[in-house]
Amino acid sequence: MKLTRHLTPLVAALALSWASLGTSVSAQDAAPPAAAAPAAPAAAAPAQPAAEKPAPAVEAKKPEPSLEQRVAGLEAYMNNVDPTSSLKTAKDDKGADVIPDGLTTPSVGIPGPGHNGWMMTCAALVLFMTLPGLALFYGGLVRKKNVLSVLAQCLGCAGMITVLWWAFGYSLVFGKSYGSPYIGGNEFFFLKGVTSAPNTDYCYWVSQNVFSMYQLMFAIITPALIVGAVAERMKYSAVLIFIAIWMFVVYFPMAHMVWGVNGLMNGVWNGDAKIQAIDFAGGTVVHMTSGWSALILCIILGKRLGFGKEKMAPHSMVLCMVGTGMLWVGWYGFNAGSALAADGVSANAFMTTTLAAACAGFVWALIEWIHKGHPSILGFCSGIVAGLVVITPACGFVDPTGAMIIGLLAAIVPYIFVVFVKGMIGYDDALDTFGVHAVGGTLGALLTGVLATSSVNGNLTDANSYAKANGLFKLVAEGGLLGQQVKAVAITLVLSIAATIVIAFVVKMLIGLRPTPEAESQGLDITDHQEEGYIL
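Anyway, here's the lowdown on the structure attached to this text. (Residues numbered from 1 in each chain as written. Predicted model: local features only at pLDDT ≥ 70, side-chain atom pairs only at ≥ 80, totals over all residues. Heavy atoms only, no water.)

## Points about the overall build of the protein chain
Keep this limit in mind: Segments assigned H or I by DSSP are reported as helices when at least four residues long, segments assigned E as strands when at least two residues long, and all are numbered from the N terminus. Buried means the residue's accessible area, taken with a 1.4 Å probe over protein chains only, is under 20% of the maximum for its type, while exposed means over 50%, and partly exposed covers the values in between. Two residues form a contact once any of their heavy atoms are found within 4.5 Å. Computed with the Shrake-Rupley method and a 1.4 Å probe, the accessible areas treat only the protein chains shown as cover for residues.
In terms of regular secondary structure, the protein chain is built from 17 helices and two strands. Looking at the protein chain residue by residue over its 536 residues, the buried ones come to 50%. Once local pairs closer than 6 in sequence are excluded, the contacts in the protein chain between residues at least 24 apart make up 75%. In the form shown here, the protein chain has an accessible surface area of approximately 24300 Å², with 67% of it arising from carbon and sulfur atoms.

## A closer look at helix α9 (residues 344-372)
One turn of the α-helix equals 3.6 residues, which is why residues spaced by three or four share an orientation. Worth spelling out the cut-off: Residue count minus one, scaled by 1.5 Å, sets the expected span of a helix.
The terminal C-alpha atoms of α9, which comprises 29 residues, lie 42 Å apart, in line with the 42 Å expected from a rise of 1.5 Å per residue. Immediately beyond the C-terminal end of α9, within one or two residues, lies G373, with a positive phi of roughly 90°.

## Examining the pattern of salt bridges
Once their charged atoms are close, side chains differing in charge can pair, the charge on each being opposite to the other. Quick reminder of the rule: Just to be clear on terms, a salt bridge is a Lys or Arg side-chain nitrogen sitting within 4 Å of an Asp or Glu carboxyl oxygen.
Applying the stated criterion across every chain yields a total of ten salt bridges. The salt bridge involving D432 is made with K422; its shortest N-O contact spans 3.0 Å. Of this pair, D432 sits in the loop between α11 (400-425) and α12 (433-451) while K422 sits in helix α11; the two residues are ten residues apart in sequence, bridging distant segments of the chain. Residue classification places K422 among the buried positions, given a relative accessible area of 16%. Among the salt bridges present, the one from E520 reaches R514, with a minimum N-O distance of 2.8 Å.

## Some words on the nonpolar core
Soluble globular proteins tend to bury their nonpolar side chains together. Note the cut-off: In this description, a nonpolar core means a group of buried Ala, Val, Leu, Ile, Met, Phe, Trp, Tyr and Cys residues linked to one another through side-chain atoms lying within 4.5 Å.
One finds F242 and Y251 to be the most contacted residues of the largest nonpolar core, which totals 139 residues. A per-element tally of this core places helix α6 (residues 236-259) first, with 15 residues. In this structure, Y251 is in contact with W165, F218, A219, T222, W246, W259 and V285, ignoring residues within four places of it in sequence.

## Comments concerning the layout of surface pockets
Going by this rule: The definitions used throughout rest on a 1 Å grid laid over the protein atoms alone, on which a cavity is an enclosed set of points accommodating a 1.4 Å probe that cannot get out and a pocket is an open set flanked by protein within 12 Å on both sides along at least five of seven lines; lining residues are those having an atom within 4 Å of a point. Grid points are joined across faces, edges and corners, and a volume is the space filled by probe spheres set on the points. Residue polarity is assigned by list, with Asp, Glu, Lys and Arg as charged and Ala, Val, Leu, Ile, Met, Phe, Trp, Tyr, Cys and Pro as nonpolar; anything else, Gly included, falls into the polar class.
In this model, the largest pocket occupies a volume close to 1000 Å³. Elements represented by at least two residues in the lining of the largest pocket include exactly α5 (208-226), α6 and α13 (465-470). Looking at which element gives the most residues to the lining of the largest pocket, the answer is α5, with four residues. Looking at side-chain class alone, the lining of the largest pocket contains 23 nonpolar, eleven polar and four charged residues. By volume, the second largest pocket amounts to about 580 Å³. As for the second largest pocket, its lining consists of 28 residues, of which L378, V418, K422, A430 and D432 are closest to the centre. Of all the elements in the fold, those that place two or more residues in the lining of the second largest pocket are α3 (113-141), α9, α10 (377-391), α11 and α12. When grouped by side-chain class, the residues that make up the lining of the second largest pocket number 17 nonpolar, four polar and seven charged.

Pasting the structure below:
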């Protein structure tokens, strides 16, 4: 039964009560009648006629919303749709539906408490992925003489990226004043105008300040992932300078192209998108950019001293497992939160994230059991993270069966790269950032093109005017989406690889990338931070 049938009598009663209360208050507040003036003396001169005062301007009466329009605004909140749609009762000179001047309802231009609360929770969960999730996951995988260096790199990312996001990043990603499909605008520099009112270019019911902080957490974790490939052998100063430049050259443009309202590859929300690709939570923006950049950077940097000759086993699988659990929990904010509402699409993403992660973790350990004779904690952890990576771009677009297929392939394909390809080529990807994030992100983007279905997300149908305008709904219904995903993958690869080569050599020329051999042998905890992770 529609919400209108339940709410109409209640709203009508409230409206009548309010009108009655208003009449009563007006009567009570009215000034008492003025006392009669005393009679003028008989000899007084006749009063001069008063000058005529101009009649006060009559203010145009603002149109009042009907009861049905008020209730429709509440229904819009429940359904996470535009609260102004029922107000568009007029036509402009082009025949388009528009809102009459001054017509509004109390639900327009304000955040919805439920959606806002969910998004604040999700923002905290995504930060939880980096601090302490990723820090502990990576920290456990390095040798104990370098554990603090990894923690410091994650902390450095959190602080520096927040400053960049406040100053320029948010605007360059989610602004539009430049009118470019490649980069945003300058209207939100220094978070100017970013208030608790929603930015309806992206969500109707979430405060823009909450939205901006949620997206900040993605910006923080993305470059922190790169750390895994270059762990134990890159100077702290070089890491920070590389990441600062990389954010402007790679992350901000990629995020705008994929998620910006006028982005080049935003197939869901840009009716003029030249590439009708879809990426629900960051397969290309987060995992492909960081993973492919990590591969190139670790090759330019060179191998760790003693690589292939000394044992470089993780110093604490306990920390690694604890970090993995935190990543899995935080990933619900990453994936389910990307619906930007507590709605059915978010619920589907929550489910598919769970299925893919669990399936991949189990299958990876099973493959390892068959291949090496034992299932390891590292295998479980690697498989879980791989499943989370591969489902990321697809989580809001696939059904449960699609999620299980993704989980299965997320275990098989990255396992091949981590165990076989890495050894054959000989690159020193210290913590398998490339094998899991680059390979997994690429695989996820492609599988999204095969497994996406409009049955779980109405934004992939012609009910979404943007998907109808750019033809995305036909690509999903009739085939052809995979071709658009391939284009998005190709652009991500070219930008990430080319930019990383240039940035790495610039930083190398300016300050150098590696510590001295003596400092590297001693460990970066002491040489970069003058601290030790463990004093036993």
